[in-house]
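Structure at a glance
In case you want the letters, here they are:
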Amino acid sequence: QNPAFGLGSYTELPSTNPAVLAFLREAPATEEDGDDLVLCVHNFSRFAQPTELDLQTFNGRHPVELIGGVRFPAIGELPYLLTLAGHGFYWFRLRDHLPPPRPVAPAVRL
C-alpha cells in the first residue's frame, strides 16, 4: 500500500528535539496516485516529547495519518509542532489536495 517505504528515497529532517527522529520517504510519482510522500516521526524516549519540524517546503499540504486516516492541520510557513507519546510515532502521507471534511450530522435531542 505504501511504495515509499520499500522503494522510496530517504531524507532525514532536522528536529528541535534530539530524542525525536524525523525523515521523509518518497516514491516516484505515478499517473494514478501522484507523488507518494510519507513523513515519519519517531520518539526514542520513554517520555512524551515535543518537537518542531521545518516543513515549509510542503506548505499547504495536509498530513494524513496512515493507520487511522486522521487528517492533521495543514502545513504552513511556521515550524510544524508535534507532541509524541513515549516511544510513540507518526506516519503521515503528505497530501496535496483533499476533499473538504464531511459534515457531521447534528445530534438529535429527545
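Numbering of residues starts from 1 in every chain and runs along the sequence as written. pLDDT decides what is reported in this predicted model: residues at 70 or higher carry local features, side-chain atom pairs at 80 or more are listed and counted, and totals for whole chains, interfaces and linings draw on all residues regardless. The side-chain values count all of the structure's non-hydrogen atoms but skip hydrogen atoms and water molecules.

Let us look at the pairing of strand E4 (residues 49-53). Exposure classes here rest on a 1.4 Å probe applied to the protein chains alone. A residue is buried below 20% of its type maximum, exposed above 50%, and partly exposed in between. Strands here mean DSSP runs of E at least two residues long; helices mean DSSP runs of H or I at least four residues long; both are numbered from the N terminus. A one-sided burial pattern is seen for E4, the buried positions being Gln49, Thr51 and Leu53 and the unburied ones Pro50 and Glu52. In terms of strand pairing, E4 meets strand E6 (residues 80-84) through five bridges, oriented antiparallel. Looking across to E6, one finds that Thr51 is bridged to Leu82. In short, DSSP must find at least two bridges between two strands for them to pair.

Inspection of the secondary structure puts Asn43 in strand E3 (residues 34-43). In this structure the side chain of Asn43 is engaged in a polar contact, spanning 2.8 Å, whose partner is the backbone nitrogen of Ser45. Apart from the residues lying within four places of it in its own chain, the contact partners of Asn43 are Ala19, Val20, Ala48, Gln49, Leu84, Ala85, Gly86, His87 and Gly88. Definition of a polar contact: a pair of N or O atoms within 3.5 Å, with one able to donate and the other able to accept a hydrogen when the atoms are protein atoms, and with sequence-neighbouring residues admitted only if both atoms are side-chain atoms. The contact definition used throughout considers only heavy atoms, calling two residues in contact when any of these lie within 4.5 Å.

What follows is about the nonpolar core. The biggest cluster of nonpolar side chains holds 16 residues, and the ones touching the most others in it are Leu39, Val41, Leu55 and Leu94. Residue assignment for this core shows that the elements contributing at least two residues are strand E2 (20-30), E3, E6 and strand E7 (89-95). Residues within four places of Leu94 in sequence aside, it is in contact with Leu24, Leu37, Leu39, Phe58, Arg61, His62, Pro63 and Ile75. Definition used in this section: a nonpolar core is a set of buried Ala, Val, Leu, Ile, Met, Phe, Trp, Tyr and Cys residues joined via side-chain atoms within 4.5 Å. Judged by nonpolar contacts, the second largest core, of five residues, contains Phe23, Ala27, Val38 and Cys40.

Further remarks concern unusual backbone geometry. With a phi close to 55°, His87 is a non-glycine residue in the positive phi region. Inspection of the secondary structure puts His87 in the loop between E6 and E7.

With that settled, consider the environment of Arg71. Within the secondary structure, Arg71 sits in the loop between strand E5 (62-65) and E6. Residue classification places Arg71 among the partly exposed positions, given a relative accessible area of 37%. Arg71 sits 21 residues away from Phe92 along the chain, and the two C-alpha atoms are 9.0 Å apart. Here the side chain of Arg71 touches His62 through a polar contact of 3.5 Å, side chain to side chain.

Note on aromatic contacts: the rings of Phe and Tyr and the six-membered ring of Trp form a pair at centre separations within 6.5 Å, being stacked when their planes are under 30 degrees apart, edge-to-face when over 60 apart, and tilted otherwise. Applying the stated criterion across every chain, the model contains five aromatic pairs. Between Phe72 and Tyr90, the aromatic rings sit 5.5 Å apart at their centres with planes inclined by 70°, giving edge-to-face as the arrangement. One end of the pair, Phe72, is in the loop between E5 and E6; the other, Tyr90, is in strand E7, with 18 residues separating them in the sequence. One aromatic cluster in this structure is built from Phe72, Tyr90 and Phe92.

What follows concerns the pattern of salt bridges. Opposite charge on two side chains permits them to pair, given that their charged atoms come into close proximity. For salt bridges, the criterion is a side-chain nitrogen of Lys or Arg within 4 Å of an Asp or Glu carboxyl oxygen. Using the criterion set out here, one finds two salt bridges in the structure. Where Arg93 meets Asp36, a salt bridge forms, and the shortest distance between an N and an O atom there is 2.8 Å. Note that Arg93 is positioned in strand E7 and Asp36 in strand E3, a separation of 57 residues in sequence. In this structure, Arg93 and Asp36 share a single accessibility class: buried.

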